[in-house]
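Chain by chain, the residues:
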Amino acid sequence: MSAPEIHSLSATPITSHSFNGDRSQVAVSLNSNDVTIYSRQGKDWNVTETLSEHDKLITSIDWAPNSNRIVTASQDRNAYVWQETPDPQTGKLVWKPTLVLLRINRAATFVRWSPNEDKFAVATGARAIAVCSYDSENNWWVSRHLKKPIRSTVLSLDWHPNNVLLAAGSADMKARVFSAYIKDVDSRPPPSVWGERLPFNTVCGEYGSPSGGWVHAVGFSPSGDVLAFASHDSTISIVYPSGPVIYTIKLNSLPYVTLSWTSEDSLIAAGHDCQPIVFSGSAGGWHLVGTLDDTSAAKQSGGTRGFGVAGSQVGRLNSAAFHTFRQADSRGTSSPTSAAGSGSTDTELLTVHQNTITSIRPFSGTADRVAQVSTTGVDGRLVIWDVNNVTELTGKMGALRLH
Amino acid sequence: MSHTVDIPQALKDSLRNFRFARRNAGHAAMVVRVNKQKLVMEEVDTFDDISPEDLADELPENSPRYVLLSYELAHPDGRKSFPLVLINWAPTSSEIGLLTLHASAFLDFQNTADVSKVIEVRDGAEGLTKQVIDSKLKVL
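My aim in this report is to walk through the structure given alongside it, one point at a time. Bear in mind that the values here come from a model prediction, so they are computed numbers and not experimental data. Just so you know, the residues in each chain are numbered from 1, in the order the chain's sequence is written. Both sets of labels track the order of writing: A upward for chains, 1 upward for ligands. At least 70 in pLDDT is required for a residue's local features to be given in this predicted model, at least 80 for side-chain atom pairs to be given and counted, and no such filter applies to totals for whole chains, interfaces and linings, which use all residues. Each side-chain value is worked out from all heavy atoms of the structure, with water and hydrogens disregarded.

**Side note on the interface of chain A and chain B**
This is how it is decided: Here a residue-residue contact requires only that any non-hydrogen atoms of the pair lie within 4.5 Å. Note: buried area is the sum, over both parts, of the accessible area (probe 1.4 Å) each one loses when the two are combined. When a carboxyl oxygen of Asp or Glu is within 4 Å of a side-chain nitrogen of Lys or Arg, the pair counts as a salt bridge. Identification of polar contacts relies on pairs of N or O atoms within 3.5 Å, with a donor-acceptor requirement for protein atoms, meaning one able to donate a hydrogen and the other able to accept it, and with residues adjacent in sequence counted only if both atoms are side-chain atoms. Every helix listed is a DSSP run of H or I at least four residues long, and every strand listed is a run of E at least two residues long, numbered separately from the N terminus. When residues are grouped by polarity, Ala, Val, Leu, Ile, Met, Phe, Trp, Tyr, Cys and Pro land in nonpolar, Asp, Glu, Lys and Arg in charged, and all others, Gly among them, in polar.
The partner chain B presents 13 residues to the 10 residues of chain A that form the contact. Ranking the residues of chain A by area buried against chain B places N138(A), W140(A) and K183(A) at the top, with a combined share of 46%. Taken together, the links from chain A to chain B amount to zero salt bridges. Remark: the boundary between chain A and chain B carries two residue pairs in polar contact (both at pLDDT 80 or more). Per-element tally for the side of chain A that touches chain B: the top contributor is strand β13 (residues 140-146) of chain A, with four residues. Its residues assigned to classes, the side of chain A that touches chain B comprises three nonpolar, two polar and five charged.

**Details of the packing of helix α1 (residues 9-20) of chain B against helix α4 (residues 106-113) of chain B**
All names here are of chain B. For the record, the criterion: Only the stretch in contact is used when fitting a helix axis, every axis being a line fitted to C-alpha atoms; angles between N-to-C directions are given from 0 to 180 degrees. Angle categories: roughly parallel below 35 degrees, roughly antiparallel above 145, roughly perpendicular from 65 to 115, and oblique for all the rest.
Remark: α1 packs on α4, axes separated minimally by 10 Å, with the N-to-C direction vectors making an angle of 55 degrees. Regarding the angle of α1 to α4, the classification is oblique. Only F109, T112 and A113 of α4 make contact with α1, whose side of the interface consists of L11, K12, L15 and R19. Here the residues of the contact of α1 with α4 are counted per class, giving four nonpolar, one polar and two charged.

**Quick word on the environment of S2(A)**
Residues and elements named next belong to chain A. The following threshold applies: Burial status follows relative accessibility: with a 1.4 Å probe on protein chains alone, a residue under 20% of its type maximum counts as buried, one over 50% as exposed, and anything between as partly exposed.
Mapped onto the elements of the fold, S2 is located in the segment before β1 (5-8). Judged by relative accessible area, which is 36%, S2 ranks as partly exposed. Spatially, the C-alpha atoms of S2 and W286 are 26 Å apart, while their sequence positions differ by 284 residues.

**Comments concerning the pattern of salt bridges**
Per the stated rule, a full pass over the model turns up 11 salt bridges over all chains. R176(A) is the partner of E206(A) in a salt bridge, and the nearest nitrogen-oxygen pair spans 2.8 Å. Taken together, the positions of E206(A) in strand β17 (residues 203-207) and R176(A) in strand β16 (residues 175-179) put the pair 30 residues apart, joining distant regions of the chain. Residue classification places E206(A) among the partly exposed positions, given a relative accessible area of 39%. Close ionic contact of K130(B) with D134(B) constitutes a salt bridge, the shortest N to O distance being 3.2 Å. With a gap of four residues between them, K130(B) and D134(B) both fall in helix α5 (residues 130-139), about one helical turn apart. Under the relative-accessibility criterion, K130(B) is labelled partly exposed at 40%. Within the structure, one salt-bridge network assembled from shared partners comprises D172(A), R176(A) and E206(A).

Right, here's the structure in full:
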């Protein structure tokens, strides 16, 4: 039951983040055209590299843990696959990009490697999903489009463990499960609860929530037999296709935009409420359990909770006075409030994240028993949470005003 | 006329043999590809008695090919003829350089094989079925 590890990576929003296999580095998009790679040095995360190739904002990054390749998708309608190769002149390892022609006429919004890391799927605003695989005969990445029956931008994707099925959440208010079977890359998958004999672009299921709303996040459970999706009408729906049964949890909080399964019977969702919420259940029913953000903890003076590295810097930079000015600067106020600590809670939220959480990913543990998750958000913070540190949601919640 | 890709004599002989081979039944096909490194055309496969759908399965999804097809056409009045059809198999997901090279050498190949009927298949396996070929041949 440990406290969350908080790292303020930047003052700009973090659009997307992805850790490498051993969690020593993280690739981050700071709302810009470049990928920034931070490496862990002691307790700090420091910038070690910047990868520049895209012409427009990078919307999504995914780092393949086993093959150590990074794929980035951007609003410039391209995707690049980055590989670490030794530089011919210096011999150092540099990241070399390979362009992938997606053949889309709108921005790419989301990208994920498949479990076997031999293909990746790119969600686009062109009402299609580009599934890309490597063609060794011609030495380039080939993309095939999943088009029917998508009617609007695809917002998020998740791969099934069998490397063939793909879940997609779209702005046409539907969550769908597609077959992304590529002939020369995949072997025939065994029949699953989603169907059998699935050629490319078969729709295995199409689901929506009761009041509709953009589907911001989708996720398969660790076994792949259950699908969860978060929708803009502030609901989380869990689908059991063998029933078919859909459990919809309606919440009176703000919508969730990202979710991650932590075991076969629990998942964590986060979004505009700025805190990760845990849900749990089984084929018999699902319910909300609590939050990972213990907002009832006493705020320390000077708000040192906002800077996770305490005591690593010594001397004049660590004084409380310098800290008040730093707080005011990062919050954009012209002059710091006179009372140290309590006065500054006017604009500061009680939750750890000060703005929407846009991305939640498993950090440590196995797929079916995740121990820690990492979140990044619009406030430029990267926080690593212990999954078991769940507290009940009480009336006194940071960003909410419940009646 | 300038040639971007060479056609070796062996291939020309193969094309002649394919054209004059006596056929009793079924469709036969010969698949030719462009070798980008050597800038030469080479024969890849020959199929005897294959259906259009099986042929579509055999052809690569992401690479252009020239396919010489001896098609068994059943006329409404009961006759059977075996016209020679050239299929330009050029899926859009192919590598662009190879696709352009393939397109530039296509006319040359057509003249060498001496075929007048051409079918373009640009969208992969869906575009090569019995119905498509029958309807195209009625027009040609």
